[in-house]
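Tertiary structure, described
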Amino acid sequence: MQPEQSDELVVALRGAARDLVARRSISDLEQTLGYIVAAAVDTVPGADAGGISMTENGHITSRCPTNEDVHKLDELQALLHQGPCITAVEQPPEDGVILARDLAEAPDADRWPRFAPQAVEHGYRSLMSTQLSTNGGTRAALNLYSHTPGAFDDSARTIAGLFGVQAGLLLYGVDHAAQMSRALDTRDVIGQAKGILMERFGVEGDQAFQMLVRSSQDTNIKLADVARWLTTSAGRQQARADGARLHPPADAEN
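Analysis parameters
- Residues numbered from 1 in each chain as written.
- Predicted model: local features only at pLDDT ≥ 70, side-chain atom pairs only at ≥ 80, totals over all residues.
- Heavy atoms only, no water.
- Pairing = 2+ DSSP bridges.
- Helix = DSSP H or I, 4+ residues; strand = E, 2+ residues; numbered from the N terminus.
- Axes fitted to C-alpha atoms, helices over the stretch in contact; angles between N-to-C directions.
- Contact = heavy atoms within 4.5 Å.
- Core = buried A, V, L, I, M, F, W, Y, C linked by side-chain atoms within 4.5 Å.
- Buried < 20%, exposed > 50% of the residue type's maximum accessible area, 1.4 Å probe, protein only.
- Parallel < 35°, antiparallel > 145°, perpendicular 65-115°, else oblique.
- Left-handed = near helix turned anticlockwise from the far one by under 90°.
- Nonpolar A, V, L, I, M, F, W, Y, C, P; charged D, E, K, R; others polar.

The strand order across the open sheet built from 5 strands is S2-S1-S5-S4-S3, with neighbouring strands paired in antiparallel fashion. Either end of the sheet is taken by a strand with one partner, and the two such strands are strand S2 (59–63) and strand S3 (97–100). Direction aside, neighbouring strands of the sheet carry axes that sit 20° apart on average. Bridge count between strand S1 (residues 49–56) and strand S5 (residues 140–146): 6 bridges; the pairing is antiparallel. Residue pairing for S5: Met-54 is matched across the bridge by Ala-140. Running at roughly 35° to S1, helix H3 (residues 68–80) makes contact with S1, S2, strand S4 (126–131) and S5 of the sheet.

The structure is reproduced here in structure tokens:
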């Protein structure tokens with residue numbers, strides 16, 4: 001890479017970073033993924049369209065495609081369990097980038113024989129998938145499509161790899177923020193339930209918590225779900241009627 005290309009790379013990545021940080025909603029994963037795709041298509045030379053493949057409950061799904069063809073091709077890779085995005089998610093190389101220079105010709109057409117012809121049929125000859133996963137985080141890949149064979153040169157590959165690291169960290173941040181939010185919600189609802197029991201039975205906080213624990217064990221329902229049920233009007237009514245032993249219904253569990 002020439003010095004002037006390095007300068008352009010730094011400028012492009014700094015611009016993409018500013019966009020992602022300034023525009024993202026840390027609590028809205030879908031919005032964040034959309035900004036990742038848009039910034040990548042604008043940043044990586046040769047990219048005409050893009051999308052993200054993400055593992056959810058053991059299945060790979062298409063997220064935030066820039067057009068319907070990309071959605072179909074991302075979903076097709078998941079259905080066939082074959083294609084650059086599958087390789088990037090499940091068997092990424094050291095730099096995290098899988099590059100198909102020309103899906104109409106060998107070796108790429110031979111590497112993904114069921115997927116490649118259909119990508120070409122939709123008008124896409126080049127495809128580059130970049131792993132967005134971080135250690136222990138969401139498994140995902142950014143997929144960039146081009147109508148032109150050989151569209152992604154070494155410079156584009158480098159940019160995509162660096163962009164993938166940056167976007168992966170942001171994705172990890174969103175995932176971590178969502179987990180923290182769920183943990184805080186759980187803590188709050190348990191606190192509310194303890195308050196209800198303390199007021200109803202005149203007990204201390206530790207005793208109220210033990211009442212929740214006992215009810216969870218007796219009913220085999222998660223503690224947080226017992227607490228959530230107790231904060232409903234039905235739960236409060238039963239607490240008033242039945243005394244210290246709570247009996248949440250089976251459907252109280254989420």
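Once you've had a look at it, read on.
For the rest of this paragraph, the subject is the nonpolar core. Nonpolar side chains in soluble globular proteins generally cluster together in the buried interior. Val-44, Ile-52, Met-128 and Leu-144 are the most contacted members of the largest nonpolar core, which has 26 residues in total. Apart from residues lying up to four places away in sequence, Leu-144 is in contact with Ala-40, Val-41, Val-44, Ala-47, Ala-49, Gly-50, Ser-126, Leu-127, Met-128 and Phe-152.

Looking now at helix H9 (residues 223–230). An α-helical segment advances 3.6 residues per turn. Residues three or four places apart therefore align on the same side. Counting buried positions along H9 gives 6 out of 8 residues, so the element sits mostly inside the fold. Among the residues of H9, those classed as buried are Ala-224, Asp-225, Val-226, Ala-227, Trp-229 and Leu-230.

Moving on, we get to the pairing of S2. Note that S1 and S2 share 5 bridges and pair antiparallel. Its bridge partner lying in S2, Ile-52 is registered against Arg-63. In sequence, S1 turns back onto S2 through a hairpin of 2 residues, with Asn-57 there showing a positive phi of about 55°.

What follows concerns unusual backbone geometry. The amide bond that connects Ala-106 to the next residue, Pro-107, takes the cis arrangement and shows omega of 5°. Structurally, Pro-107 is set in the loop between S3 and helix H5 (108–111). In the Ramachandran plot, Cys-64 falls in the positive-phi region, its phi being about 55° despite a non-glycine side chain. The topology assignment puts Cys-64 in the loop between S2 and H3. The buried category is assigned to Cys-64, whose relative accessible area is 17%.

It is worth spelling out the packing of helix H8 (residues 205–219) against H9 at this point. The contact between H8 and H9 brings their axes to 9 Å, and the two run at 110°. One finds that H8 runs roughly perpendicular with respect to H9. The crossing of H8 and H9 is right-handed. Where H8 abuts H9, its residues Phe-209, Leu-212, Val-213, Ser-215, Ser-216 and Thr-219 lie against Leu-223, Val-226, Ala-227 and Leu-230. Grouping the amino acids of the contact of H8 with H9 by side-chain chemistry returns 7 nonpolar, 3 polar and no charged.

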